[in-house]
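So the chains spell out like this:
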Amino acid sequence: MRVHLVMSDGTTDLLKRLALPLAESLNWSVGSSPIAETELNYFFPYLEMQPFVDFDKTPTAAWFTHHEDPEAVPGKDAIWQRVAETVDLRLTSAPMYRDELQSYGMTRLVTPPLDRKKFTFADTPANNGDLKKVGVSGYVYSSGRKGEHLIKHLLKFCVNYDFQIRASGRGWPGATAHYRWDDMQKFYQGLDVYLCTSLIEGIPMPPLEAMACGIPVVIPRGVGLLDTLPDVENLYRYEADNFQDMWRALQEALDAPGLNRESLRGATARFTFEAWQGTHERAFEDLLYDIPPATVTTPWQGKAGVFYVAYGKPSRECARKAITSWKEHVPDIPVALVSDKPLGEGEDIFIEEDDADIGGRSVKTRIYDLAPVEWEYVLYLDADTEIISSDVTFFFDLLEDGWELVFCINPPKYALAREMLRPDNRDECLETFAQLGSDEILQLNGGVFAFRRNGRTANLMRLWHQEWQRFGARDQAALDRALYANPVRIYTLGQEWNTIIRYTEAERSAAVIHHPMSARRWRGKIPGRLDSDAAWDAVARFDGRPE
Amino acid sequence: MKVGIRARTILYATDTDGGQRAYHPGEVLYVGKQSALRWLAEGRADALPPPPGVDDMGFYSGVVVRTAGVENTQAALAGAYPDLTIIEGEGLNFSKTLLLDGNLSPRPSIVGLGFKLLDTWQVAAPLFSYETLARDVGTEADRQQTAKMIRDLRVPFYDTRLIFMRRCSATLQLLEAWKEERQLDSDDRLAFLRAIYQVKPTLCAGPVGWVETGDV
């Protein structure tokens, strides 16, 4: 999986610490703008996508940190919404933001990484005597989302109580020290309680880091992912932005009779780099490679039909027998015939189409659009087939169970795609094999197949028709190119369900016997397209008419 | 050992059924090394392109050997893919994983093809046989269990010794379902057939010959 991480040079150290190890371990490229030569561009954070919202060269993903208060920071709120609408995959670490973002489309939680080797118990627990230390940390912004006003208020109180505030970072009321990242664990290890006053956060990391160091924490409800932390000893919650409740929780923390460092640390065990990496990989793999779950379908009875194509005398003669055999075994399932004139031999629906190519392929490959729209389940049978059992409805059963397409393989002698190579289709075959990467793939037989209507099969069938039009010859290579570029849930059957008696004994057949070549209205090979003058000349010769 | 070449002129060689046949320009044939070298030297055939390199497969392709015999696999693939990661296990350890029976020495060309197919398909696996059907294997109870799900056992099934899977929700679910189905003391192949029937991934059925050995 090739991913390009989009991150500008000026991004914060925290974001770099989160994203760059991912890129390094997963072999991603990194740059300040998206690129086309990758499977996915990942904007970290979502703000990085703002200049590139029109980028459409690859699928895109973005990590959504926190959603700013629209009134306090209207510009960021607008970007959040614009990117959420634009991006293909939304990643976030807080369930509250996942719930909000998934109304825009595919959204996944990613577990943030905590360096639990760095943030660990102090060798010697802090002994602050009677003057306990309450810590806060982080960079304070003008939006007020860090809840610094709560600290300002708290500072007035603490002079009368037995604790002091220690702040790390920037912008906090009162004295603030700056700890280098290398020493950050020492800050936590010197505390008695860590207090998080934030109103809006994406994770936040400091309470997790403090807990990993075995330090009691006082944390707000409804902020970032903090509500997902288990209620362990020495973890105290309060209503966000409620000073009275925060004061209560802080007092409980300071007055607690004991300290269970292991349980605090244990509650952070899931925040590993492996989880951070794994949740990213899974989300990207699902975006790029998963398909929507198989839908629950309704019974095929009353919504199924069989589709024949017959042009020219031999084919129409075959179709008569084919339809008769169908009606004998499955009389309740309607038959549609596509031709230039009705057959009058049992077809329930006649679909008139011009005789456009000598093999009827241009009509056959338009089956999705030509078959009656009320048929949710469609079975195609060549005109030279014969039904010998009502078990043919197995095709519909498979589709009803959730498969989207059913095809049968060629007889074993011609099981491989390479066997279809002939002098008259060499160019098409070689192009097809090059596209597929090999000629050692199974050759599906286009004479008997079934599909269930949905967007994916519509796309496939129309692509099949487009691919057929390029060379205008046999339809198998065109099917391979279409199917291998746009796979659907295909169920592959063997020769029992399309028994070509030239190669397989009829006794082996479960339902459909195929009499190949008997519907053809020409002899020999047709050089080039089946809708060419040369092709029609071959038909004229076969019919015995003067050229 | 047979060597794969692509004919530039009409060449006559033994086909898979043992008879002589004409191979036309563009067709691929597998012949003995001496014949291949002679035709290549005479300009009557082209060498097949080498199997894709690991870079072509993507950074995350790897082989998980489900049985003992990881050394066999390493020996079989070391020449073509010296950097390919091959480990013992049973999960989808890579973005593109080949789940392999260690007793099988896979052809490098098939390994490359399988990983390429996973660019678009979720699963690629060869059929076990064109003749033997699901009704012909497993115990009676196993077959009944399978028929209950699939309805008709006159269907082919897959050779579970060589399965390529692209890791995603569907295939992780497939692997779990396969594991559960195996716990019923089932034939591994029928268990896989039931598992795919439950999950319904996009599965590229490959020819029986994918598990044959012998190319270069």
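Okay, so let's go over this structure. (Residues numbered from 1 in each chain as written. Chains lettered and ligands numbered in written order. Predicted model: local features only at pLDDT ≥ 70, side-chain atom pairs only at ≥ 80, totals over all residues. Heavy atoms only, no water.)

Quick look at the overall build of chain B
- Within chain B one finds seven helices and 11 strands.
- Residue pairs in contact within chain B that sit at least 24 positions apart in sequence constitute 69% of those at least 6 positions apart.
- Summing over all exposed atoms, chain B offers an accessible surface of approximately 9000 Å²; the carbon and sulfur share of this is 48%. (Helix = DSSP H or I, 4+ residues; strand = E, 2+ residues; numbered from the N terminus. Contact = heavy atoms within 4.5 Å. Areas by Shrake-Rupley, 256 points an atom, 1.4 Å probe, with all protein chains shown as cover.)

Concerning the overall build of chain A
- Along the backbone of chain A there are 17 helices and 22 strands.
- Whereas a compact globule of 547 residues would reach a radius of gyration of roughly 24 Å, chain A reaches 34 Å, over 25% beyond that.
- Considering only C-alpha atoms, chain A reaches an extent of 115 × 45 × 45 Å along its principal axes.
- Taken over 547 residues, chain A has a buried fraction of 58%. (Rg over C-alpha atoms; globule rule 2.2 N^0.38 Å. Buried < 20%, exposed > 50% of the residue type's maximum accessible area, 1.4 Å probe, protein only.)

Brief notes about the interface of chain A and chain B
- Taken residue by residue, the interface counts 56 residues in chain A and 52 residues in chain B.
- Summed over both partners, the interface of chain A with chain B comes to about 4500 Å²; 54% of that surface belongs to carbon and sulfur atoms.
- Taken together, chain A and chain B are joined by nine salt bridges.
- Residue B:R167 is joined to A:E281 by a salt bridge in which the shortest nitrogen-to-oxygen separation is 3.1 Å.
- Counting every contact that joins chain A to chain B gives 21 residue pairs in polar contact (both at pLDDT 80 or more).
- Looking at the side of chain A that touches chain B, the elements that each hand over two or more residues are α1 (13–26), α9 (273–289), α13 (394–400), α14 (426–436), α16 (476–485) and β20 (490–493) of chain A.
- When residues in the side of chain A that touches chain B are grouped by element, the largest group, five residues, is from α9(A).
- Here the residues of the side of chain A that touches chain B are counted per class, giving 28 nonpolar, nine polar and 19 charged. (Buried area = accessible area lost by both parts, 1.4 Å probe. Salt bridge = Lys/Arg side-chain N within 4 Å of Asp/Glu carboxyl O. Polar contact = N/O pair within 3.5 Å; in protein donor to acceptor, adjacent residues only side chain to side chain. Nonpolar A, V, L, I, M, F, W, Y, C, P; charged D, E, K, R; others polar.)

Things to note about the packing of aromatic side chains
All names here are of chain A.
- Applying the stated criterion to the full structure yields 37 aromatic pairs over all chains.
- Between Y368 and F451, the aromatic rings sit 5.5 Å apart at their centres with planes inclined by 25°, giving stacked as the arrangement. Placement of the pair is Y368 in helix α12 (residues 367–370) and F451 in strand β19 (residues 444–452), with a sequence separation of 83 residues.
- F451 sits in the buried class, given a relative accessible area of 0%.
- One aromatic cluster is present, formed by W28, Y42, F44, W63, W276 and F284 through successive ring pairs. (Phe/Tyr/Trp six-rings, centres within 6.5 Å; stacked < 30°, edge-to-face > 60°.)

A word on the sheet that holds strand β10 (residues 193–195) of chain A
Residue and element names in this part refer to chain A.
- If you walk across this open sheet you meet the six strands as β9-β8-β7-β10-β11-β12, and the pairing is parallel. Every interior strand has two partners, whereas the edge strands, β9 (176–177) and β12 (235–239), have only one.
- When strand β11 (residues 217–221) meets β12, the two strands line up parallel, connected through five bridges. Opposite V217, over in β12, you have L235 as the bridge partner.
- Helix-sheet contacts for helix α4 (residues 148–158) involve β7 (132–139), β8 (163–170), β10 and β12, and the interaxial angle to β8 is about 150°.
- Helix α6 (residues 205–212) contacts β7, β10, β11 and β12 of the sheet and is inclined by roughly 150° relative to β11. (Pairing = 2+ DSSP bridges. Axes fitted to C-alpha atoms, helices over the stretch in contact; angles between N-to-C directions.)

Here we look at the pattern of salt bridges
- Within this structure, the stated rule accounts for 54 salt bridges over all chains.
- Two residues, A:R418 and A:E440, come together in a salt bridge whose shortest N-O distance is 3.8 Å. Linking A:R418 in the loop between β18 (405–409) and α14 with A:E440 in the loop between α14 and β19, this pair joins segments that are 22 residues apart in sequence. As far as burial versus exposure is concerned, A:R418 and A:E440 are alike and both buried.
- One salt bridge connects B:R194 with B:E181, and the closest N-O pair in it is separated by 2.6 Å.

Comments concerning the sheet that holds strand β21 (residues 499–500) of chain A
- Taken in spatial order, the three strands of this open sheet run β17-β22-β21 (chain A), and their pairing is mixed. On the outer flanks of this sheet lie β17 (385–387) and β21 of chain A, each paired with one strand and no other.

Topic: the nonpolar core
- In terms of nonpolar packing, the biggest core is built from 190 residues, with A:F307, A:W326 and A:F395 touching the most fellow members.
- It is helix α7 (residues 188–199) of chain B that contributes the most residues to this core, eight residues altogether.
- Contact partners of A:F395, with chain neighbours within four places excluded, come to A:L379, A:V406, A:C408, A:V448, A:A450, A:L493, A:W497 and A:V512. (Core = buried A, V, L, I, M, F, W, Y, C linked by side-chain atoms within 4.5 Å.)

Structural notes on the pairing of strand β4 (residues 60–64) of chain A
Residue and element names in this part refer to chain A.
- Counted residue by residue, β4 has five buried out of five residues, so it is predominantly covered.
- In this structure, strand β3 (residues 40–43) lies alongside β4, joined through three bridges in parallel fashion. The partner of Y42 across the bridge, within β4, is A61.
- With four bridges joining them, β4 and strand β5 (residues 89–92) adopt parallel strand pairing.

Here's the deal with the side chain of A:N445
All names here are of chain A.
- Tracing the backbone shows N445 in strand β19.
- With a relative accessible area of 10%, N445 lands in the buried category.
- Residues in contact with N445, not counting those within four places in the same chain, are F407, C408, I409, N410, Q476, N498, I500 and H514.

Shape descriptors only; they carry no functional weight alone.
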